[in-house]
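# Overview (structure and organization)
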Amino acid sequence: MTTQSVKFRVYRYDPDKDAKPYMQDISVEVDTTTERKLLDALVKLKVVDESLSFRRSCREGVCGSDAMNINGKNGLACITDIDTLKQPIEVRPLPGLPVIRDLIVDMTQFFKQYHSIKPYVINDSPAPDRERLQSQEDRKELDGLYECILCACCSTSCPSFWWNPDKFVGPAGLLAAYRFIADTRDEATSQRLDDLEDPYRLFRCHSIMNCVDVCPKELNPTKAIGKIKDLMVKRIS
Amino acid sequence: MTKAIPVRKFDAIIVGAGGAGLRAALQLSEAGMKTAVLSKVFPTRSHTVAAQGGVSASLGNSEPDHWTWHMYDTVKGSDWLGDQDAIEFMCREAPNVVIELEHYGMPFDRNSDGTIYQRPFGGHMSNFGEKPVRRACAAADRTGHAMLHALYQRNVRANTQFFVEWMALDLIRDEKGNVQGVVAMEMETSEIVIFQAKATLFATGGAGRIYSSSTNAFINTGDGLGMAARAGVPLEDMEFWQFHPTGVAGAGVLITEGVRGEGGILRNSDGERFMERYAPNAKDLASRDVVSRAMVTEINEGRGCGPNKDHVLLDITHLDPEVIMSKLPGIREISIKFAGVDPIKAPIPVVPTCHYQMGGIPTNYKGEVVVGAEIVKGFYAAGECACASVHGANRLGTNSLLDLLVFGKSSGNSMIDFIKSAPKDLPEVAMADVERSVARVARLDNQTNGTNVNDARLAMQRTMQAHAGVFRFNDMLKEGVKKILEVEQMVKTTMIADKSKTFNTARLEALELENLIEVAKATMISAEARKESRGAHVRDDALDVPETPNGRDDANWLKHTLWHREDNRLEYKPVNLQPLTAPSVALKTRSY
């Protein structure tokens, strides 16, 4: 076992006892053979200081719980290698959302936007006894869309979402909107486009691509948003 | 005296928002029942999200298949400990629930004719064990993720009411033992609320975190099992834990069996495809318990790989990179991130890792909780926390996602019937369980010295790992029982320094540990008592002789264990060998 000391600057705020947030300097010993991810180090940190609060679950990058701001960039702690990070590692909650405690943010607004795009297949035709058939090419259209884990790294790195979280759907919600538009089983494309035809909901995206840069699943919300915009242009012409 | 605790009233309460909870919720919401779903995490963060390979159903999209073959494989996989009525129900319902899921919008992969793509999987055979069959319906290697999101999305459409980041603390039973709901805590504020309903479903998942090395998420702490045990409900068949053959060595992260379904091969340090020796017919696609034991045997006999010879290799370098990119993209991602290996170029280091709990809260195939001959009124369980029992002594890959769909739905239906027949007004809540629950939280808030939560959890995990692993030994089990009871004493005196009322995760972990320890005791005590080898439970003193082939002793041990928390008493109940309509799958020695 080889150990290594990892230095941290962590955002701390417990409304029960802190008048305002502060940065805590703290370091922790990790076993470099088995504890290679940032989440491993945070779990170790919590052993040293049990009051440190953060969300985590699957620890393999599929549940989306442990999104946070790591050295200035949003990412998932569980799939971020410690040795790729400059120390002290500065860890903060996702930007732009209200902080509940330490690294835990209130995601209500983020999910509200996700729900607003009607994130489910709308198909009022009577369902057949068997599966609805879909060609391999049509199914392929969903790749790069359905894999979203709702971690909010993208939306909380987007200035348009920071300024208008109540009005702009944000990259995660728009990616989901296109996921249903692109699904051949969905019959509500025009209704979905109507719903997004709004100066804020869709058009606050200025394609600065922060979302693409941070997505831990390497998805491309900007591209999906572009496709929605294309469809809108097409239906006018 | 407890100060007034708010009471919220519903038709139905569901604890847990993974596959089973969401499937049940959908049934209830769409039937117009006022339903509350409580979850420790936002629904799409539940552990169903991590399932990879597929969900089984005899759709026969690529080649002939039949639910009776699926049933045969499941009974055989269970080493005949599964109840054949529940197994028939599950396998017969499988095509229906999978088609329903497709209609909900699940993005299944497709065959060239547009039907759902199916891949081979361990123990899936055609014609009663003859040769491998494509039965696992898949969305790449992200089937659980795709399924959980599709179910959540459908619940959004159905307007299901979610209580996100609420932890259920205890089950509430009245003087007659009927279930009235749960006591729960809002994590953000620490507020305690009574959730009362006519029907309560536990869909709280497994407790793989009792072991040090597990594929399970941090949240898999057996909360439903702890609550049930404290409320006097016994736990069934808890000695049976599945060790998945392919966890990433060192990290524990799961690599789906679908990798072997797509042609992956396990190799030892000689480069040998050793499964040919252990399972000449099914080879790398033998049942999980068989493959895990073979791997541990290879490692124990010095043919492990790496500098410490402590793992074997999962090789897919011979597959077309296109297949890897399209059918196993998530695995490639995990392998690169957690093993530092691109599987297109080099094999993945893997080791058997605790994965799935076959036992749980005893239910019938309708999801009703059954104790002795009696149904516990108002109480239901589905998914990994329940024991119907369809998995018996060893679960087949992809039957877990199927279990969630089938029994989530059947529980929902049973609850609807029960709610409709129940009196309109809810009775007064019995306060005994509520007060005990409040007292547990108060103890943690008031305790100023005692055992560190992390120390106690580590002691438990190390004990389970060392004394109740892939191979079990009589003397180690005996010692394990003693040790786990010592750990229980540590858990009774845990102390947290953090007394904050705001999102206190230290307190949550302490409460979770109180659930884990119940599962750990049930496991160790049940395992020590079962003096045979069956499925995932294999011990050194169960001899492979003609009377007990593979150490399986049907004369004495073809029965389910029931562990009672009170005085750690064990009792046993018979296995149901009688299916609903199909002929019984007769007892046979198991080989692949």
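The structure this text deals with has already been given above.
Residues numbered from 1 in each chain as written. Chains lettered and ligands numbered in written order. Predicted model: local features only at pLDDT ≥ 70, side-chain atom pairs only at ≥ 80, totals over all residues. Heavy atoms only, no water.

### Looking at the overall build of chain A
Convention followed: Secondary structure counts use DSSP, requiring at least four H or I residues in a row for a helix and at least two E residues in a row for a strand, with both numbered from the N terminus. A simple rule labels every residue: compare its accessible area, found with a 1.4 Å probe on the protein chains alone, to the largest value its type can have, and call it buried under 20%, exposed over 50%, or partly exposed in between. Residues are treated as being in contact if the distance between any of their heavy atoms lies within 4.5 Å. The accessible surface values rely on the Shrake-Rupley method and a 1.4 Å probe; as for residues, cover is taken only from the protein chains in view. Within this scheme the basic residues Lys and Arg register as positive and the acidic residues Asp and Glu register as negative, but His and the chain ends are omitted. We put the charge of a Lys on NZ, of an Arg on CZ, of an Asp on CG and of a Glu on CD.
When helices and strands are counted, chain A shows 8 helices and 7 strands. Here chain A holds 237 residues, and the buried ones make up 57% of them. Expressed as a percentage of contacts within chain A between residues at least 6 apart in sequence, the contacts between residues at least 24 apart total 65%. Approximately 10,200 Å² of chain A is accessible, and the part contributed by carbon and sulfur atoms is 51%. Seen as two clouds, the 34 positive and the 36 negative side-chain charges of chain A have centres 2 Å apart.

### So, the packing of helix α5 (residues 170-181) of chain A against helix α8 (residues 221-236) of chain A
All names here are of chain A. To be explicit about the condition: As a rule, the C-alpha atoms of each element are fitted with a line to give its axis, helices using only the stretch in contact, and angles between N-to-C directions run from 0 to 180 degrees. An angle below 35 degrees is treated as roughly parallel, one above 145 as roughly antiparallel, one from 65 to 115 as roughly perpendicular, and anything else as oblique. Note: crossing handedness is left-handed where the near helix turns anticlockwise from the far helix by less than a right angle, and right-handed where it turns clockwise. Three categories are distinguished: nonpolar for Ala, Val, Leu, Ile, Met, Phe, Trp, Tyr, Cys and Pro, charged for Asp, Glu, Lys and Arg, and polar for the others, with Gly belonging to the last.
Between α5 and α8, the shortest axis-to-axis distance is 9 Å and the interhelical angle comes to 55°. With respect to α8, the axis of α5 lies oblique. α8 is crossed by α5, and the crossing has left-handed handedness. Contact residues: Pro 171, Leu 174, Leu 175, Ala 177, Tyr 178 and Ile 181 in α5; Pro 221, Ala 224, Ile 225, Lys 227, Ile 228 and Leu 231 in α8. Here the contact of α5 with α8 is composed, by residue class, of 11 nonpolar, no polar and 1 charged.

### Examining the pattern of salt bridges
Operational definition: A pairing counts as a salt bridge when a side-chain nitrogen of Lys or Arg comes within 4 Å of a carboxyl oxygen of Asp or Glu.
Under the counting rule described, the total for this entry stands at 77 salt bridges over all chains. For Arg12(A), the salt bridge is made with Asp102(A), and the minimal N-O distance between the two is 3.2 Å. You can see Arg12(A) sitting in strand β1 (residues 3-12) and its partner Asp102(A) sitting in the loop between β6 (99-101) and β7 (104-105), a full 90 residues away along the chain. Grouping residues by exposure puts Arg12(A) and Asp102(A) together as buried. In this structure, the salt-bridge partner of Arg530(B) is Glu532(B), at a minimum N-O distance of 2.7 Å. Each member of the pair, Arg530(B) as well as Glu532(B), carries the same accessibility label: buried.

### Looking at the environment of Met431(B)
Along the chain, the position of Met431(B) falls in helix α12 (residues 431-446). For the pair Met431(B) and Ile172(B), spaced 259 residues apart in sequence, the C-alpha separation works out to 8.0 Å.

### Some thoughts on the interface of chain A and chain B
Often the size quoted for an interface is simply the accessible area lost on bringing the parts together. Our working rule: For this analysis, a polar contact is any N or O atom pair within 3.5 Å, provided that within protein one partner can donate a hydrogen and the other can accept it, and provided that sequence-adjacent residues contribute only side-chain to side-chain pairs.
Residue-level contacts link 61 residues of chain A with 63 residues of chain B. Along the contact surface separating chain A from chain B lie 7 salt bridges. Residues Arg101(A) and Asp498(B) are paired through a salt bridge, measuring 2.7 Å at the closest nitrogen-oxygen approach. For the pair chain A and chain B, the interface holds 41 residue pairs in polar contact (both at pLDDT 80 or more). Mapped by element, the contributors of at least two residues to the side of chain A that touches chain B are α1 (38-48), β6, α2 (108-116), α3 (136-140) and α5 of chain A. For the side of chain A that touches chain B, the element with the highest residue contribution is α1(A), accounting for 4 residues. In terms of residue class, the side of chain A that touches chain B is built from 30 nonpolar, 10 polar and 21 charged.

### Looking at the sheet that holds strand β21 (residues 559-563) of chain B
Residues and elements named next belong to chain B. Formally: In short, DSSP must find at least two bridges between two strands for them to pair.
One open sheet accounts for 3 strands, arranged β10-β21-β22; its pairing is antiparallel. The open sheet is flanked by β10 (235-236) and β22 (570-574), the only strands paired with a single partner. Inspection of the sheet shows β21 paired to β22 by 5 bridges, in the antiparallel sense. Opposite Trp 563, over in β22, you have Leu 570 as the bridge partner.

### Observations concerning the packing of helix α3 (residues 84-104) of chain B against helix α11 (residues 399-421) of chain B
All names here are of chain B. The contact between α3 and α11 brings their axes to 8 Å, and the two run at 90°. The orientation of α3 with respect to α11, classified from their angle, is roughly perpendicular. Every residue of α11 that contacts α3 at Ala 86, Phe 89, Met 90, Glu 93, Ala 94, Val 97, Glu 100 and Leu 101 is listed here: Asn 399, Leu 402, Asp 403, Leu 405, Val 406, Phe 407, Lys 409 and Ser 410. Within the contact of α3 with α11, the residues separate by chemical class into 10 nonpolar, 2 polar and 4 charged.

### A few points about the sheet that holds β1(A)
All names here are of chain A. Strand order in the open sheet made by the 5 strands is β2-β1-β5-β3-β4, with mixed pairing throughout. What marks the edges here is a single partner per strand, and that holds for β2 (22-31) and β4 (73-76). Within this sheet the neighbouring strands show an average axis-to-axis angle of 35°, counted without direction. Seen against the sheet, α1 touches β1, β2, β3 (67-70) and β5 (89-92) and runs at an angle of roughly 105° to β2.

### Quick look at the pairing of strand β5 (residues 131-137) of chain B
All names here are of chain B. Relative to β5, strand β3 (residues 55-56) runs antiparallel, the two sharing 2 bridges. Paired with Val 55 across the bridge in β5 is Cys 137. As paired strands, strand β4 (residues 118-126) and β5 are joined by 5 bridges and run antiparallel to one another. Its bridge partner lying in β5, Arg 119 is registered against Ala 136.

### Some details on the packing of aromatic side chains
Rule in force here: Paired rings are identified among Phe, Tyr and Trp, the last through its six-membered ring, by centres lying within 6.5 Å, and are further divided according to the angle between planes into stacked (under 30 degrees), edge-to-face (over 60) and tilted (the rest).
Per the counting criterion, the structure on display carries 19 aromatic pairs over all chains. Ring centres 3.7 Å apart and planes at 5° place the aromatic pair Phe111(A) and Phe42(B) in the stacked group. On the criterion of chain membership, the pair formed by Phe111(A) in helix α2 and Phe42(B) in the loop between β2 (35-39) and β3 is interchain, its members lying in two chains. Judged on exposure class, the residue Phe111(A) and its partner Phe42(B) are both buried. Judged by centre distance (6.3 Å) and plane angle (90°), the ring pair of Phe274(B) and Tyr278(B) falls under edge-to-face. Among the aromatic side chains, those forming a connected cluster through ring pairs are Phe110(A), Phe111(A), Phe42(B), Tyr152(B) and Phe162(B).

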